[in-house]
Amino acid sequence: MTTLPHRFLHALERFNAAHPWDHNAHYHRWIMRQLPGGFRTALDVGSGTGDLARLLATRATAVDAVDSDPAIVVRARELTSPDAPVTFIAADALTGVPAASYDVITCVAVLHHLPFTDALAHFRRRLTPGGTLVVVGLWRARTPGDHLLGAAALPLNAATGWIRNKGRTAPPPASMTAPVRPATMSFSEIVRETRRVLPGARLRRRLFWRYTLVWRRD
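Residues numbered from 1 in each chain as written. Predicted model: local features only at pLDDT ≥ 70, side-chain atom pairs only at ≥ 80, totals over all residues. Heavy atoms only, no water.

J.: Would you mind going over the sheet that holds strand S3 (residues 86-90) with me for this structure?
T.: The strands making up a sheet are joined through hydrogen bonds of the backbone, oriented either antiparallel or parallel. The mixed open sheet is built from 7 strands, whose spatial order is S3-S2-S1-S4-S5-S7-S6. Strands at the two margins of the open sheet, each flanked by one partner only, are S3 and strand S6 (202-206). When strand polarity is set aside, the average angle formed by the axes of neighbouring strands in this sheet is 15°. Each of strand S1 (41-45), strand S4 (102-108), strand S5 (127-137) and strand S7 (210-216) touches helix H5 (residues 116-126); the most contacted strand, S5, lies at about 145° to it. The strands that helix H7 (residues 187-197) touches are S6 and S7; relative to S6, the one it contacts most, it runs at about 165°. (Pairing = 2+ DSSP bridges. Helix = DSSP H or I, 4+ residues; strand = E, 2+ residues; numbered from the N terminus. Axes fitted to C-alpha atoms, helices over the stretch in contact; angles between N-to-C directions. Contact = heavy atoms within 4.5 Å.)

See the structure below:
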C-alpha cells in the first residue's frame, strides 16, 4: 500500500511537471556577478539553447558556445540574433572546443556528464592568465545535511514554479529539453577532486540541487 509520504511526493512530482521552471537559468545572473568587470572572450560549455551564451555576449566581444547535441545547437542559432557575437558549435566539450584561450569559461549542469578531473584540467588550460571559471553543477546527496538541504528546496521549488508560471500549467521551456543524467559524485568528492586540480577554488552547496564553483587563474 502506498504510504502518505509516497503519495505526497508523487503529487508534488505531478505539480512540478505541470509548473516547470529552469533551475539552471536561475543561476545565470549569479554567474554574471562572478565575472570581471571587463572581459573579451568567453566559452560556454554545454550551452543548450544559448540563454547563458547570449547573456555573456552582452559583455564579451566574442563568445564560443559548445554543445554535443546538434539539434539543440540548431535551436540555439535560431533563437540568437545574427548580430550577437556568439558562435555555436556542435562538438564534444573536451575535444571540439576551438584551440583558443578564454577570459571566462562557464559550465552549467554539464560537468557530471564529463570525466570530472579531466574536464577541470582542460578548462584550466584554456583560461587566460587572470581568467575566471564558473561552474554550476549537480551533486549526489549522501549526508544528512545533503538530504536536509534537498528537503528545504522542495516547497521553494514548487512555489517558484507556481509563481513563474503565474499559476498556470505550462510545457517545459526549450532549455529543459536536453538529455539529463543523474549526478554520481557527492559534494565532498567534488570538493576533494576540485582542490587537486584548481587550488583555491571556492565551492558551495546551493538550493535546487546545485553547487557552485568559482576559480580564477593567476
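Still to come is the rest of the account.
J.: Please explain the pattern of salt bridges as it appears in this structure.
T.: A pair can form between side chains of opposite charge whenever their charged atoms are brought close. All told, the structure shown has 6 salt bridges when counted by the stated rule. For Arg-75, the salt bridge identified is with Glu-78, shortest N-O distance 3.4 Å. Residue Arg-75 and its partner Glu-78 are both found in helix H4 (residues 70-79); the two are separated by 3 residues, about one turn of the helix. A relative accessible area of 37% places Arg-75 in the partly exposed class. Residue class for Glu-78 comes out exposed when judged on its relative accessible area of 54%. Taking the shortest distance from any N to any O, the salt bridge between Glu-189 and Arg-142 comes out at 3.1 Å. Taken together, the residues Glu-189 in helix H7 and Arg-142 in the loop between S5 and helix H6 (144-164) connect sequence positions 47 residues apart. The network of salt bridges with common partners includes Arg-192, Glu-193 and Arg-196. (Salt bridge = Lys/Arg side-chain N within 4 Å of Asp/Glu carboxyl O. Buried < 20%, exposed > 50% of the residue type's maximum accessible area, 1.4 Å probe, protein only.)

Purely geometric numbers; function is a separate question.
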